[in-house]
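Chain by chain, the residues run as shown.
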Amino acid sequence: LQPFSPSAPKPLRFHYELHNLVPEPGPENQASIEMLQKHAVEASFRESEMHGGQTRTEVSPQHLGKTMLRMLGDQLKVLGPSAASDLEILRNPASQPHEVLIAQGKLVERNILFQWVASNCNRFEVWSHLSEAGVSLDQMCAMCGWSLKLSRCARCKKVLYCSGGCQKRHWKAGHKAQCQGA
């Protein structure tokens, strides 16, 4: 699957619906929704081609997870690679009110997308495919996806966490076997 082009329509706007992130309906999202639908259709055709042209009505959970991860990665690219510039705007007392509002919105949207990435990775077990989507564990909590106020694992210094609770859950979920002192 090819990543979306940089000239793609505006990023989708999402809202929460029973703990799921759902694209908001409306004309401003229509082009992006059509692009995502086209991407899903292309993915199903490629899946069909890989299986001797036989039509498949189902997609493996891991394939779905990887496809969703690529789409989320593309959405994150639209927002920029990190929150540093947005945080700088918020800290600067000379920032204009509209700049502050835009920076706050980008921080919230980036954080929601990172949380959705983590949820997707946990649900479909696709953590190993983060780099394909252009997402790095250096940007988010390894357990929940939170992207602000992070601290590193004291032992390996490779994984980030937003809280001690997330660190304990990740340790029990398998980081204990992977963690090696630096």
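Small disclaimer: the values here were computed from a predicted structure and weren't measured.

The rules behind these values
Residues numbered from 1 in each chain as written. Predicted model: local features only at pLDDT ≥ 70, side-chain atom pairs only at ≥ 80, totals over all residues. Heavy atoms only, no water. Helix = DSSP H or I, 4+ residues; strand = E, 2+ residues; numbered from the N terminus. Buried < 20%, exposed > 50% of the residue type's maximum accessible area, 1.4 Å probe, protein only. Salt bridge = Lys/Arg side-chain N within 4 Å of Asp/Glu carboxyl O. pLDDT = per-residue confidence, 0-100. Contact = heavy atoms within 4.5 Å. Axes fitted to C-alpha atoms, helices over the stretch in contact; angles between N-to-C directions. Parallel < 35°, antiparallel > 145°, perpendicular 65-115°, else oblique. Left-handed = near helix turned anticlockwise from the far one by under 90°. Nonpolar A, V, L, I, M, F, W, Y, C, P; charged D, E, K, R; others polar. Disulfide = S-S within 2.5 Å.

### Some points on the environment of E99
- Assignment of secondary structure puts E99 in helix α4 (residues 97-124).
- Given a relative accessible area of 33%, E99 falls into the partly exposed group.
- Sequence separation between E99 and D86 is 13 residues; the distance between their C-alpha atoms is 9.0 Å.

### Focus: the pattern of salt bridges
- Evaluated as defined, the whole model comprises five salt bridges.
- Among the salt bridges present, the one from E132 reaches R70, with a minimum N-O distance of 4.0 Å. Residue E132 is found in the loop between α4 and β3 (151-152), and its partner R70 is found in helix α2 (residues 61-79); the two are separated by 62 residues along the sequence.
- Given a relative accessible area of 47%, E132 falls into the partly exposed group.
- Here R110 makes a salt bridge to D86, at a shortest N to O gap of 3.0 Å. Of this pair, R110 sits in helix α4 while D86 sits in helix α3 (residues 84-91), and the two are 24 residues apart along the sequence.

### Details of unusual backbone geometry
- The phi angle at E125 is positive, at roughly 55°, despite the residue not being glycine.
- With respect to the helices, strands and loops of the structure, E125 is situated in the loop between α4 and β3.
- Judged by relative accessible area, E125 falls into the exposed class, the value being 63%.
- Positive phi, normally seen in glycine, also occurs at K157, with a value near 60°.
- The residue K157 is located in the loop between β3 and β4 (160-161) in this model.
- The exposure class assigned to K157 is partly exposed, which follows from its relative accessible area of 48%.

### Some details on the confidence of the model for the protein chain
- Summary statistics for the protein chain give a mean pLDDT of 75 and a share of 66% for residues scoring 70 or more.
- Across residues 1-22 the pLDDT falls below 50, and counting only partners more than four positions away or on other chains, this stretch makes 54 contacts in the model.

### Observations concerning the packing of α3 against α4
- Closest axis-to-axis distance for the α3/α4 pair is 9 Å, and the angle between their directions is 140°. As the angle between them shows, α3 and α4 are arranged oblique. Once α3 is placed against α4, the crossing between them reads as left-handed. The residues of α4 that touch α3, namely those facing D86, L87, I89 and L90, are E99, V100, A103, Q104, K106, L107 and R110.
- The residue makeup of the contact of α3 with α4, split by class, is six nonpolar, one polar and four charged.

### Focus on the state of the cysteines
- For the coordinates displayed, the defined rule picks out zero disulfides.
- No disulfide involves C179; its sulfur sits 3.8 Å from that of C153, the nearest cysteine.

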